[in-house]
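Report on the structure
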Amino acid sequence: MSAKNAWGRGLATVSDGRILDVWYPELGFGEPAEGADLELAETEDQIRAVQTRAVTTSIDVDGAPEKVADAYLRLHLLSHRLVRPNEINLEGIFGVLENVAWTNLGPVAVDKLTEVQLRARAVCANLQVLGVDKFPRMVDYVVPSGVRIADGNNVRLGAHLAEGTTVMHAGFVNFNAGTLGNAMVEGRISQGVVIGVGSDIGGGASTMGTLSGGGKERVRVGERSLVGANAGIGIALGDDCIVEAGLYVTAGTKVTVLPAKGEGGEPRVVSARELSGANNILFRRNSLTGAVEAVPRAGTGIELNSALHAN
């Protein structure tokens, strides 16, 4: 990111003067570039009782979002990979956005939904409510190059998916979260969490985000690391680490650190937060005692199937 001033030209959906969403096909940093005349795409929708209006937005990404158009531009910057998660200010974005009924015909104001449903039935329009949320699906606004997304419902606008990322059917990626390179996402990537190149979030696995716990702790996963199926982390993983399937490691988890193979020394017990960000560790549960153990491991971590991620 070379500048803090971002701009976008897009189309806003307006209901009774309220902006429900904005799609920005043109955006960037610095001075706005020449683009298409979006006013030609302005429309009226009688069924949803909304208007589509061309908008131009300029923001300082270091400041907090102030309006809906401002918030949507920040989410687009993330999904277009012009910024990485945690690089721009999103403080207060929940208070800026309002719940919207996302339908197959487009966004609808929640307080107008019953009226819209009646009008749709009167003209035999097939109106389906896909969800009610502050954040829409990313794929309805941005489809990044070089990614596979098995279920678009599970990736929010504002997700950052690097080329070579595969999000499987049960995988989920929140806004202001995502990947930095080839990655397999079969579990949950929560808000604020970043996954390094060559890493795998296994089926049913989860990463604790920053929306809970005061938003101060940053969970991340380094390169070539694996969070096993149905496992989870509340600490950062370094490079070449593995969390055994079914094991959830939070910051306060008591972990027995074993000496490296061939080295002397006694095991020691620490809180997992003391191992946050460390490289080359296998986290496992002792099948006899039930104790959580951290075992130093040599060499590189997992290796993803290159053909699978050549998207």
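Residues numbered from 1 in each chain as written. Predicted model: local features only at pLDDT ≥ 70, side-chain atom pairs only at ≥ 80, totals over all residues. Heavy atoms only, no water.

Rules: UniProt positions are given in the numbering used here, feature names are shortened, and annotations may be inferred rather than shown by experiment.
Per an unreviewed UniProt entry, the protein chain goes by the name 2,3,4,5-tetrahydropyridine-2,6-dicarboxylate N-succinyltransferase and belongs to Peptidiphaga gingivicola. UniProt, in its Catalytic activity (unreviewed entry) section for the protein chain, records the words "(S)-2,3,4,5-tetrahydrodipicolinate + succinyl-CoA + H2O = (S)-2-succinylamino-6-oxoheptanedioate + CoA". What the UniProt record of the protein chain gives under Subunit (unreviewed entry) is the line "Homotrimer."

1. Describing the sheet that holds strand E9 (residues 159-160)
Short version of the rule: When DSSP locates at least two bridges between a pair of strands, those strands are taken to pair. Working definition: helices are DSSP H or I runs of at least four residues, strands are E runs of at least two. Numbering for both runs from the N terminus.
Reading across from one edge, E9-E12-E15-E18 is the order of the 4 strands in this open sheet, with parallel pairing throughout. The open sheet has two edge strands, E9 and strand E18 (220-221), and neither has a second partner. Pairing analysis gives 2 bridges linking strand E15 (residues 194-195) to E18, with the strands arranged parallel. Bridging across to E18, Val194 finds its partner in Arg220.

2. A look at the packing of aromatic side chains
Worth spelling out the cut-off: Stacked, tilted and edge-to-face are the three classes applied to pairs of Phe, Tyr and Trp rings, where Trp contributes its six-membered ring and a pair requires centres within 6.5 Å; stacked means planes under 30 degrees apart, edge-to-face means over 60, and tilted covers the rest. We call a residue buried when its accessible area falls under 20% of the maximum for its residue type, exposed when it is over 50%, and partly exposed in between, using a 1.4 Å probe and counting protein chains only.
Counted by the stated rule, this structure contains 4 aromatic pairs. Here Phe94 and Phe135 contribute two aromatic rings whose centre-to-centre distance is 5.4 Å and whose plane-to-plane angle is 65 degrees, an arrangement assigned as edge-to-face. Linking Phe94 in helix H2 (residues 93-96) with Phe135 in the loop between strand E7 (129-133) and strand E8 (148-149), this pair joins segments that are 41 residues apart in sequence. Residue classification places Phe94 among the partly exposed residues on the basis of a relative accessible area of 35%. Through successive ring pairs, a cluster of aromatic residues spans Phe94, Phe135 and Phe175.

3. As for the layout of surface pockets
Formally: A cavity here means a set of 1 Å grid points, computed over protein atoms only, where a 1.4 Å probe fits but cannot escape. A pocket is an open set with protein on both sides within 12 Å along at least 5 of 7 lines, and lining residues have an atom within 4 Å of a point. Grid points are joined across faces, edges and corners, and a volume is the space filled by probe spheres set on the points. Start and end points for every domain follow an automatic or database-based domain assignment.
Each pocket or cavity is described by its volume, and for the largest pocket that value is around 400 Å³. Summarising the domain contributions, the lining of the largest pocket has at least three residues from each of domain 1 (5-133) and domain 2 (138-308).

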